[in-house]
Amino acid sequence: MASERVADEHFEEVGEGEEDDQFIDPNDVLVEVADDGDHPMEEDEDGYMEGQMEGEPIPDESIVWEDNSTQHFPNHNGSVFAVSTHPTAPIAVSGGEDDLGYIWDFMSGEEFVKLTGHTDSVTSTAFSNDGELVATGGMDGKVRVWRRVGKEDYHTWEFLTELTGPDEVMWLKWHPKGNVLLAGSNDTTVWLWQLPSGNTMQVFAGHMGPVTCGDFTPDGKRIVTADAEGTLIYWDPRSPTPVFKLTPSDARFALDGITSLAINPASTLAVVGGASGGVRVISLSKGEVVGALAGHKEGESVEAVEFVELATVGPLSGSAAAASGGVVVTGATDGKACIWDLNTMRLRATLEHEDAVTSLHRLPSPKAYLIVSASVDKTLRTWDARTGTLVREHKGHSGPILDASLGMGGSVVVSAGDEGVCLVFSTE
């Protein structure tokens, strides 16, 4: 992507005798003429606007594009695939199709640092738990890590190290407590590195397909990973041997590939979503399927899973919360987000978008009953999971929303758009 010559599979060599002026090769372009602003379109003799097809209605100039965002970041040149917010500061890191990452201020929209060095799309971004390190992962297989310079502000970051091993990085997750980074690869491997040294701590092998999702358990003691062939593996980070493995050969676990997963706050349950619309609940202590949730349209992929907390945290929350299954939300390409009670394995409510749900984000306590959904329908929506009611709709994108992240204690949501812009919204 970053090479000098522009490569494109659409530009095939033209055979002898064929017209050779059918396509313009981007390498033959001598000069790009700058856009000199909008000019009124001229009508031709037939009364059609220039560029307008016969029979097409004339564009209605009264249509106003709704935009209730508080800030925007348009610096990417191409789709923005990933965005992550800092644990405490009002800054975000985004990654895109332009092979670049950016660290920027989501209150002012100001760019702080351009993160270079990738040679293909940047598809994963993540701040470490203490906010001192940031990692980007790309389709080039590289994981690049930067470190904050000084303690005054977040304006200056220095390149720390490049981690290699994966063929193509599918996702990145930092350990909830320490500077340890986990990455899933499309080549069936999972990598664990210690930072700032960059030493490889473990390479986990045992998957049969691209490792589509994974995470540390919230207590930081174990790792759960899952792949496109439908296998889930539970690991002890200190050992390359699985604690347990669930595969599609177990009929109760056949999901046509796993596309998403979440682990409950007590680190006792994992919920996984499948490529064909199935959802399974797994007991991590028993290593077995304890529930199957059917609410999404068959054949529609479950793209996101997120736990929510409906009860206000009381004095009994510790053991009581650990004992109960809790409530989980699953979002799929059928445009639905389903809210499930894991004590009864029943559907509580269904939230609706006009197109595929791409991600789900629960606000932190004490508002952990609020969840933000992002969609291909160009909107994000904040919902109250207790009642299933819409709290607020966030508009401003002109294309599908590919990722989102909550910042400033959940008071804002930062979104990544397919049209190349990041937007910032107040969640409530």
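One structure accompanies this document, and this report is about it. This structure is a prediction, so every number in the text was calculated from the model and none was measured.

### Here's the deal with the pattern of salt bridges
Next, step 1: One pass over the full model with this rule turns up 15 salt bridges.
Next, step 2: Residue glutamate 354 pairs with arginine 381 through a salt bridge whose shortest N-O separation is 2.7 Å. Highlighted residues: glutamate 354 in the loop between strand E25 (346-352) and strand E26 (357-362) and arginine 381 in strand E28 (residues 380-384), separated in sequence by 27 residues.
Next, step 3: Taken together, the shared-partner salt bridges in this structure form one network comprising Glu66, Glu354, Asp377, Arg381, Glu393 and Lys395.

### Thoughts on the sheet that holds strand E1 (residues 71-73)
Next, step 1: Taken in spatial order, the 4 strands line up as E1-E32-E31-E30 in an open sheet, and their pairing is antiparallel. Looking along the sheet, the strands with just one partner apiece sit at the ends: E1 and strand E30 (401-407). Strand-to-strand twist across the sheet, computed as the mean angle between neighbouring axes with direction ignored, equals 20°.
Next, step 2: Sheet topology places E1 next to strand E32 (residues 422-426); 3 bridges connect them, and they run antiparallel. When the bridges of E32 are listed, phenylalanine 73 appears paired with cysteine 422.

### As for unusual backbone geometry
Next, step 1: Here the amide bond leading from leucine 195 into proline 196 is cis, since omega sits at 10°, within 30 degrees of zero.
Next, step 2: Tracing the sequence through the fold places proline 196 in the loop between strand E12 (190-194) and strand E13 (199-204).
Next, step 3: Residue proline 366 is bonded to the preceding serine 365 through a cis peptide linkage, with omega at 10°.
Next, step 4: Of note, proline 366 is situated in the loop between E26 and strand E27 (370-375).
Next, step 5: Phi is positive for threonine 188, close to 85°, though the residue is something other than glycine.
Next, step 6: According to the relative accessible area criterion, threonine 188 is partly exposed, its value standing at 24%.
Next, step 7: Even without a glycine there, the phi angle at serine 267 is positive, about 65°.

Calculation notes
- Residues numbered from 1 in each chain as written.
- Predicted model: local features only at pLDDT ≥ 70, side-chain atom pairs only at ≥ 80, totals over all residues.
- Heavy atoms only, no water.
- Salt bridge = Lys/Arg side-chain N within 4 Å of Asp/Glu carboxyl O.
- Helix = DSSP H or I, 4+ residues; strand = E, 2+ residues; numbered from the N terminus.
- Pairing = 2+ DSSP bridges.
- Axes fitted to C-alpha atoms, helices over the stretch in contact; angles between N-to-C directions.
- Buried < 20%, exposed > 50% of the residue type's maximum accessible area, 1.4 Å probe, protein only.

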